[in-house]
Amino acid sequence: MDAPTAQREFSAYGLSHWIVLAVFAVGAVQVVVIGRTHRNADAARRFSRTFGAVTLALYLAIYLATMFPPTLGRSVPLRLTDLATLVAGYALWSHRHWAYALTYYWCLTLSTQALISPALESPDFPHYEFLAFWAIHLAVVWAAIYLTWGIGMRPDWRSYWFTVAVTVAWVAITFVFNSLADSNYGFVNRKPSTPSLLDVLGPWPWYLGTVAVVLLVVWALMTWPWVRSPATPTSPAPDPPTSSPRTEHG
């Protein structure tokens, strides 16, 4: 009797990847519609907190499932995806502005980049690693879209500089840890083994500088539309709105 055929490996822009991107597009529209159609604060709060709780529970389940046996190279929550997921879940739950700021900048750029050029080395659908990777990345980008275009939270220049400072601190801490543990969290110490956008940004360590410049410019462009007019609110209330989220924030 022949041995069972091994499951095929995930391939970027194969059928499963295109299906994921289609699911992402449909979900992005849905979270905006849901956010804008809530007519009272209680409904908005319930949905946002449920979304946040599900995101955090999903992350915890995936983290616990993948940390055994624990290794320095896989089990330390130093990936920016780890931090972005935790922050996005908290932002959905609390609507705190600092958490929203990190969610907005990180998830709409770095997490979205993972949708375009996924650093995923696993068997294809329905393998658990495939499902875990996409569940997390879709959830955090949807969170940023919901908070911004669904209920109307907004970034400002204070958000911009706060996110820059936190990101620089993360890079420094992660670089030191990677150097000591011979790991590569965040691809700070070398490029991923799979094709990615980093391949066109030069060799290590020069691509780190290129990425920094690109992010500074892109994040500034992501801030400018919300603050260009004096009439545009620059900072949402830190807590969930007391009336309609759509009218309170935008």
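Attention in this report is confined to the structure presented alongside it. (Residues numbered from 1 in each chain as written. Predicted model: local features only at pLDDT ≥ 70, side-chain atom pairs only at ≥ 80, totals over all residues. Heavy atoms only, no water.)

## Some remarks on the side chain of His38
Cut-off, in case you're wondering: Going along the chain from the N terminus, every DSSP run of H or I of four or more residues is numbered as a helix, and every run of E of two or more is numbered as a strand. As used in this structure description, the phrase polar contact means that two N or O atoms lie within 3.5 Å; if the pair is within protein, one of them must be able to donate a hydrogen and the other to accept it, and residues adjacent in sequence are counted only when both atoms belong to side chains.
By the element assignment, His38 lies in the loop between helix 1 (15-37) and helix 2 (41-66). For His38, the side chain forms a polar contact with the main-chain oxygen of Ile34, separated by 3.4 Å.

## Concerning the packing of helix 2 against helix 3 (residues 80-94)
Spelled out, the test is: Simply put, an axis is a line fit to the C-alpha atoms, just over the touching stretch for a helix, and the angle between two N-to-C directions goes from 0 to 180 degrees. Angle categories: roughly parallel below 35 degrees, roughly antiparallel above 145, roughly perpendicular from 65 to 115, and oblique for all the rest. Handedness of a helix crossing follows the sense of rotation of the near helix relative to the far helix, less than a right angle counterclockwise being left-handed and clockwise being right-handed. Whether two residues are in contact is decided by their heavy atoms, any of which lying within 4.5 Å being enough. Residue polarity follows a fixed list, in which Ala, Val, Leu, Ile, Met, Phe, Trp, Tyr, Cys and Pro are nonpolar, Asp, Glu, Lys and Arg are charged, and the others, Gly among them, are polar.
Packing of helix 2 against helix 3 brings their axes to within 7 Å, and their N-to-C directions diverge by 155 degrees. As summarised for this structure, helix 2 and helix 3 are arranged roughly antiparallel, according to the angle between their axes. Crossing of helix 2 against helix 3: the hand is left-handed. Taken together, the residues of helix 3 that come into contact with helix 2 (itself represented by Ser48, Arg49, Phe51, Gly52, Ala53, Thr55, Leu56 and Tyr59) are Asp82, Thr85, Leu86, Gly89, Tyr90, Leu92 and Trp93. Partitioning the contact of helix 2 with helix 3 into residue classes produces eight nonpolar, five polar and two charged.

## Observations regarding helix 5 (residues 128-150)
Note the cut-off: Only protein chains enter the calculation, and the probe is 1.4 Å; a residue is then buried if its accessible area is under 20% of its type maximum, exposed if over 50%, and partly exposed in between.
Summarising burial for helix 5: 18 of the 23 residues are buried, a large majority. Two residues or fewer past helix 5, Gly152 is found with a positive phi of approximately 85 degrees.

## Re the environment of Tyr13
Within the secondary structure layout, Tyr13 lies in the segment before helix 1. The spatial distance from the C-alpha of Tyr13 to the C-alpha of Ile116 is 8.8 Å, given a sequence separation of 103 residues. Discounting chain neighbours no more than four positions away, the residues touching Tyr13 are Trp18, Leu21 and Ile116. Of note is the side chain of Tyr13, whose polar atom sits 2.7 Å from the backbone oxygen of Ile116.

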